[in-house]
Each structure stands twice: as structure tokens, then as C-alpha cells.
Amino acid sequence: MGSTAFNSPAVEHASGLPYFTPANNAGAAVDPQALETPTLFRPLKIRDVTFKNRVIVAPMCMYSAQSDPASPAVGALTDYHIAHLGHLATKGVGLILIEATAVQPNGRISPNDSGLWQEGTQSEQFKGLRRVVDFAHSQGAKIGIQLSHAGRKASTVAPWLSSQGKKRSIKADESVGGWPANVVGPSGGDEHIWAPGDQFWAPRELSTAEVEEIVQAFARSAELSAQAGVDVIEIHGAHGYLIHQFLSPVTNRRVDKYGGSLENRVRIVSEIAAAIRAVVPSGMPLFLRISATEWLENETVAAQTGSWDMASSIELAKLLPELGVDFLDVSSGGNHKDQHLEPHTNYQIDLAAKLRREIHAADQKTLIGAVGFITEAESARDIVDGAEEAEGTEAMLSGKDPKADAVLLARQFLREPEWVLTAAKTLGVKTTVPWQFARGLL
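Conventions used here
- Residues numbered from 1 in each chain as written.
- Predicted model: local features only at pLDDT ≥ 70, side-chain atom pairs only at ≥ 80, totals over all residues.
- Heavy atoms only, no water.
- Buried < 20%, exposed > 50% of the residue type's maximum accessible area, 1.4 Å probe, protein only.
- Helix = DSSP H or I, 4+ residues; strand = E, 2+ residues; numbered from the N terminus.
- Pairing = 2+ DSSP bridges.
- Axes fitted to C-alpha atoms, helices over the stretch in contact; angles between N-to-C directions.
- Parallel < 35°, antiparallel > 145°, perpendicular 65-115°, else oblique.
- Left-handed = near helix turned anticlockwise from the far one by under 90°.
- Contact = heavy atoms within 4.5 Å.
- Nonpolar A, V, L, I, M, F, W, Y, C, P; charged D, E, K, R; others polar.

### Notes on the pairing of strand β12 (residues 367–371)
- For β12, the tally of buried residues reaches 5 of 5 residues, placing the bulk of the element in the interior.
- Side chains L367, G369 and V371 project from β12 onto one buried face, and the interleaved I368 and A370 project onto a second face that is buried too.
- Relative to β12, strand β11 (residues 327–331) runs parallel, the two sharing 4 bridges. Of the residues in β12, the one forming a bridge with F327 is L367.
- Here β12 pairs with strand β15 (residues 406–409) via 3 bridges, running parallel. Residue pairing for β15: G369 is matched across the bridge by A406.

### Focus: the pairing of strand β10 (residues 286–291)
- For β10, a buried count of 6 out of 6 residues is recorded, marking the element as mostly surrounded by other parts of the structure.
- Here β10 shows two buried faces, one formed by L286, L288 and I290 and the other by F287, R289 and S291.
- In this structure, strand β9 (residues 232–237) lies alongside β10, joined through 5 bridges in parallel fashion. Directly across from H236, in β10, lies its bridge partner R289.
- By the bridge criterion, 5 bridges tie β10 to β11 in an arrangement that is parallel.

### A few points about the packing of helix α9 (residues 310–317) against helix α11 (residues 349–361)
- Remark: α9 packs on α11, axes separated minimally by 10 Å, with the N-to-C direction vectors making an angle of 45°. By the angle between their axes, α9 is oblique relative to α11. As for the relative orientation of α9 and α11, their crossing is right-handed in sense. Across the interface between the two elements, M310, S313, I314 and A317 of α9 pack against L351, K354, L355, E358 and I359 of α11.
- The residue makeup of the contact of α9 with α11, split by class, is 6 nonpolar, 1 polar and 2 charged.

Such coordinate-based values are descriptive only and should not be taken to indicate function.
Below, the structure is given as C-alpha cells:
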């Protein structure tokens with residue numbers, strides 16, 4: 001069985017914090033190059049950043065940012081995020097992705113969501129982000145941020161408010177800090193309301209100039225993220241939020257340069273990626289999350305307009321190297337009420353595996369992340385088994401065909417924050433633990 005070990009022979013002071021805490025590096029394999037060490041616990045290098053293992057905390061909205069629209073701290077990460085994400089950092093994850101963070105005020109899903117649109121490094125949003133980043137780094141975790149715009153899914157209340165007592169509308173109006181008059185999308189009007197009934201606001205159609213400004217907003221937020229010490233930027237193009245709305249012909253009926261052909265519909269992704277690459281360090285990894293399919297292939301709406309499907313995702317994936325995108329985070333669904341899916345253990349893992357095969361068949365090396373129903377150490381191990389990067393070439397150590405290069409977990413970390421350390425024990429991997437926890441974990 002695996003065991004745990006102290007981090008190093010000597011205690012070192014973690015930098016970047018105003019108080020003393022040992023520099024920790026939990027979850028790193030003591031002997032990552034040993035033949036018996038599974039790929040899951042081998043380092044992964046992307047550009048200039050090396051992750052100690054291949055376990056990633058997927059972005060999870062916590063609806064716990066400062067929400068008072070009159071406060072200079074609106075949208076800022078809070079002590080809650082330090083406690084929540086910092087705890088995961090102490091428990092050995094390789095990379096933490098901070099929840100969907102809006103690049104504009106009306107890009108939040110709810111008034112309680114995080115944002116990074118304020119200019120300058122003295123803003124409350126920047127300072128809140130920096131505190132989370134510094135603590136994660138002190139524990140040996142890399143940290144990324146998912147930049148997002150909610151589009152037509154914006155201005156709703158936190159989910160627990162809509163679930164209290166009788167069924168309530170989830171709309172957030174001005175009385176709770178919402179912005180019903182400024183919910184936007186690639187196309188507008190009642191026909192583009194996300195779901196039927198009185199649950200969401202009708203979006204207005206963005207002008208071409210406004211779309212161009214959103215592209216620049218992503219770049220500004222990315223630049224601030226880099227200045228705050230973030231290791232990775234992820235562009236959120238999944239789950240029916242604004243970028244996904246542009247990608248899909250179901251929700252994009254535009255007639256300008258951002259609508260119509262697939263080339264036009266993916267333009268927003270290419271422009272955002274280019275704008276981010278222009279302002280962040282060349283060694284910073286850039287991720288993109290997509291919904292690989294909308295699960296509409298056999299539905300009436302797809303027959304009328306077409307939909308975003310696996311064929312579309314494959315075409316987009318093959319464009320990513322020239323866009324400077326290093327890692328494709330593969331999810332699915334979320335853009336239309338008629339989506340038809342039957343979730344099972346591997347339903348999204350299979351999508352990731354197919355995209356990975358297509359990418360490698362095209363002699364490309366974009367890395368793939370798999371997410372969804374990954375709960376057990378053995379299944380996580382098997383998903384990435386053999387997907388080791390060795391100086392830019394794939395080393396098929398096990399002779400298997402990996403389904404992905406890294407795994408992303410979300411809900412499982414809410415159930416089991418110590419999942420990485422538990423997985424290491426299950427798989428017989430000796431790892432390091434935080435100095436403060438050692439007497440209880442050794």
C-alpha cells in the first residue's frame with residue numbers, strides 16, 4: 001500500500017504570505033519516475049508550468065463572492081474561497097481552477113459570482129484573487145482561473161434561493177443586484193430565452209462592437225490574472241454560456257462576422273485566444289473548456305438549424321495549436337432545453353477519448369482533460385494510463401491508448417476533499433503531505 005512522507009528534510013518558510021507557514025507540496029509522488037508510479041501521479045509539463053500530478057479541481061461556482069453592487073469589492077473572492085480552495089490545495093491536487101469568473105459585470109451568472117473586470121492591481125477583485133493564489137502556492141498547488149461570460153444565462157439567483165420552499169423564479173432583478181435589462185447573447189428576443197417559463201430573462205443581441213469589447217475584456221482579465229500570479233488561464237466555452245452560445249447555430253443567428261458559417265461562429269474563440277496570448281507570458285498554459293456535443297443530434301431544433309456536435313468539436317480542436325491553446329477540457333451539454341442525454345459513468349470520458357484520438361491522428365499534441373463521474377482512484381488511473389509527456393512526445397509507457405492526459409473532478413472533492421491522498425494510498429503511491437498534517441497522516 002502507498003504511504004505518505006514529509007515534504008523535505010528541512011522546513012522552509014512559504015513565500016508570499018504575511019505569516020509563517022511551512023512551504024508544503026502535498027500529493028507529489030516521492031518517486032515519480034519509478035516504473036510502478038501510475039501516470040496519474042507523474043508530473044505533467046505544459047509550456048513552462050509543471051504540475052506535480054494529473055488531478056485538477058474543476059471550476060465550481062460557490063455563489064459566495066461579494067455581491068453588494070455598491071461595494072468596491074463586488075465580485076471579489078472572499079475568505080470563503082481561501083478556506084474552500086486552500087483546503088483542497090493542502091490535500092494534494094496538482095491544479096485548482098477557480099470558478100467561472102466574469103470578465104464584465106453582466107457576465108456573472110448571479111450577483112454572488114466572482115468577477116475580474118476592475119482595472120489595476122489595487123482593486124478589491126485583484127487583491128481577493130491574489131490572496132487565494134498566494135495561499136494555494138504556499139501549499140504547492142498550481143492555480144488557474146476560468147474566465148467566463150454567462151450571456152443569456154446571466155442575472156439569476158444562487159441555486160439554494162430558488163430551491164427554498166415553493167418553486168420560485170430564479171431571475172435576479174435589480175432588488176437583489178441583478179441586471180435584467182443587460183442580459184445579452186449572440187442573438188436576442190424571447191425565442192432565445194434559455195428555458196421556458198418565467199425562469200430566465202430574454203437576452204438582447206450584442207452589437208458587433210460589443211462582441212469586440214468582450215474579446216478585449218477577456219484579455220484584460222487574463223492580464224490581471226497573470227499579474228496576480230495565476231499559473232493557468234481557462235476560457236469557458238461550454239455549458240451554454242456566452243462563448244458556447246456563439247459556437248452553436250442553435251443560439252447564434254447572427255449575420256455579421258461572428259455568425260453563420262462555422263468559421264465565423266468560432267471567430268470569438270480565436271480572437272479571445274489571440275488577445276489573451278498577446279498579454280500573458282509565453283510560458284503560461286492556456287486551456288479551453290467546451291461542450292463537445294449539445295446532445296441535440298436527433299432533436300427537431302437540430303434539424304432546423306444544425307447544432308454543435310462532435311464533428312464541430314473535432315474541427316475546432318484541430319485549430320487549437322495555431323491559436324495557442326494547449327489543453328482542451330472536454331464537457332458537454334447545457335445550451336438547449338431539448339438536449340437528450342443519458343448520463344453514465346463514461347459518457348463524457350468517451351467524448352474526451354474520441355477527441356484525443358482525432359487530435360493525435362492529425363499529428364497534433366493538444367492535451368485533453370476528462371471530466372464527469374470520476375470518483376474512484378482506479379478509474380482516474382485508467383483514464384490517463386500511458387499519457388506521459390516526455391519532452392513534447394508521448395511516451396506510451398503501458399502500451400494502452402489513454403483517454404485523456406489529466407482528469408478533472410468537482411463534486412467528488414466536495415464529498416472527499418482528501419481524494420488525492422486517498423487515491424495515492426489506494427494505488428500504492430508514496431506521496432508527500434503537509435507538515436502540519438503529517439502526524440495524523442503518516
